[in-house]
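Coordinate inspection notes
Each chain, written out:
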Amino acid sequence: MGALGQWTGMDARQVDELIVLLGNENEPDGKLKDVAASRAACAAKHVRKLTAESGLAPDRLKIIATGSFGAYFNKSNTPHGHLMLDALRARGVPEAAIFGITNSAGTDQDALEVARLLRNGNLSASEITVVTSKFHAARAAYVFSRLLPLRRVKVISDDDAGTESQRRHEATALQRLQQELPDIGDLAHPTPESALDRLLGELKHYDNLSYFALAAALLLPLRTALYEECADQLESWQKVAIAI
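Cut-off values and rules
- Residues numbered from 1 in each chain as written.
- Predicted model: local features only at pLDDT ≥ 70, side-chain atom pairs only at ≥ 80, totals over all residues.
- Heavy atoms only, no water.
- Axes fitted to C-alpha atoms, helices over the stretch in contact; angles between N-to-C directions.
- Helix = DSSP H or I, 4+ residues; strand = E, 2+ residues; numbered from the N terminus.
- Parallel < 35°, antiparallel > 145°, perpendicular 65-115°, else oblique.
- Left-handed = near helix turned anticlockwise from the far one by under 90°.
- Contact = heavy atoms within 4.5 Å.
- Nonpolar A, V, L, I, M, F, W, Y, C, P; charged D, E, K, R; others polar.
- Polar contact = N/O pair within 3.5 Å; in protein donor to acceptor, adjacent residues only side chain to side chain.
- Buried < 20%, exposed > 50% of the residue type's maximum accessible area, 1.4 Å probe, protein only.
- Salt bridge = Lys/Arg side-chain N within 4 Å of Asp/Glu carboxyl O.
- Pairing = 2+ DSSP bridges.
- Right-handed = clockwise from strand over helix to strand, strands pointing away.

To continue, consider the packing of helix H1 (residues 34–53) against helix H2 (residues 80–90). It is the contact of H1 with H2, at a shortest axis distance of 9 Å, that shows an interaxial angle of 50°. The angle between H1 and H2 places the two elements in the oblique class. Where H1 crosses over H2, the handedness of that crossing is right-handed. Together, Ala 36, Arg 39, Ala 40, Ala 43 and Ala 44 of H1 and His 80, Met 84, Ala 87 and Leu 88 of H2 make up the contact between the two elements. For the contact of H1 with H2, a count of residues per class yields 7 nonpolar, 1 polar and 1 charged.

Right, here's the structure in full:
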């Protein structure tokens, strides 16, 4: 796997549905933890519904599994996304439906990577389906819909309502995002390539900062009117630390 922003995937094409399977955690030996395994099962069920019940050909949809390496979610020698894809294969998902993985480590990076994929023309999809856990669905929906407002985005989830701690974390993180995430437009649409490359490269160095604050700082200057409206907030955004 290469640097942040690079993909392991197939050739560009138009598909009816892009499925984004959000990762979670795995053991050091590569075994998926329960949350990740449940999300994979949910995605596999959705694929079966599309192909068996709706008659959609497997090559008319593509699946991206998110996640690479991280001290808090994957200490194995295999990118988390590949472990998630292996779980899909084990559940009968056709190889023709698999696109690749993202080199990302969080919901915000996942969304930015999907935006870049669509923006660069590697893949074009009429609908985006994000697969996650029930306790994470609200934040996932908010993040993807804000970064891809011109796309048809829907979120499906398993029945995992999470622990009290997980639900509290999600509620706090979502509230902070709703307060602090500016409208930076649809990142799947063209902006200077150097700006998006800079954004994706900078993400690696700011584990304790809001990735969206960095997105605002780097991309808002490209949108003059919005920059003028929000310029006085940029400095404070860059100092905000939110653990999401």
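Structure's up, so let's keep going.
Looking at the secondary structure, you find Asp 86 in helix H2. Along the primary structure Asp 86 and Ala 40 are separated by 46 residues, whereas in three dimensions their C-alpha atoms are 9.4 Å apart. A distance of 2.9 Å separates a polar atom in the side chain of Asp 86 from a polar atom in the side chain of Arg 89.

Before going further, it helps to examine H2. Note on helix geometry: an α-helix contains 3.6 residues per turn, so any two residues three or four positions apart are oriented the same way. Along H2, the positions that sit buried rather than exposed are His 80, Gly 81, Leu 83, Met 84, Leu 85, Ala 87 and Leu 88. Those residues of H2 that are buried are in contact with strand E3 (17–21), H1, strand E4 (61–65) and strand E5 (98–102). Immediately downstream of H2, the backbone of Gly 92 shows phi near 90°, a positive value.

This paragraph deals with the environment of Ala 57. Summarising the element assignment, Ala 57 is placed in the loop between H1 and E4. Residues Ala 57 and Asp 16, 41 residues apart in the sequence, show an inter-C-alpha distance of 9.8 Å.

Two elements in contact, helix H3 (residues 107–119) and helix H4 (residues 137–147), have axes whose closest approach is 10 Å; the angle formed by their N-to-C orientations is 35°. Here H3 runs over H4; the crossing is right-handed. Of the residues in H4, those in contact with Thr 107, Asp 108, Asp 110, Ala 111, Leu 112 and Val 114 of H3 are Arg 139, Ala 140, Val 143, Phe 144 and Leu 147. Looking at side-chain class alone, the contact of H3 with H4 contains 7 nonpolar, 1 polar and 3 charged residues.

What follows is about the pattern of salt bridges. By the definition in use, this model includes 7 salt bridges. Arg 60 is the salt-bridge partner of Asp 16, the closest N and O atoms lying 3.3 Å from each other. Of this pair, Asp 16 sits in the loop between strand E2 (13–15) and E3 while Arg 60 sits in the loop between H1 and E4, and the two are 44 residues apart along the sequence. Where Arg 168 meets Glu 164, a salt bridge forms, and the shortest distance between an N and an O atom there is 3.6 Å. Here the residue Arg 168 and the residue Glu 164 both occupy positions in helix H5 (residues 164–180), the gap between them amounting to 4 residues, near one helical turn. The class for Arg 168 is partly exposed, based on a relative accessible area of 47%. Residue Glu 164 is classed as exposed on the basis of its relative accessible area of 56%. Overlapping salt bridges, with partners in common, bring together Asp 86, Arg 89 and Glu 95 in one network.

Here we take up the pairing of E5. Along E5, 5 of the 5 residues are buried, which leaves the element largely enclosed by surrounding structure. Sheet analysis places E4 next to E5, joined by 3 bridges and oriented parallel. Looking at E5, one finds that Ile 64 is bridged to Gly 100. In this view, the connection linking E4 to its parallel neighbour E5 by way of H2 has right-handed handedness.

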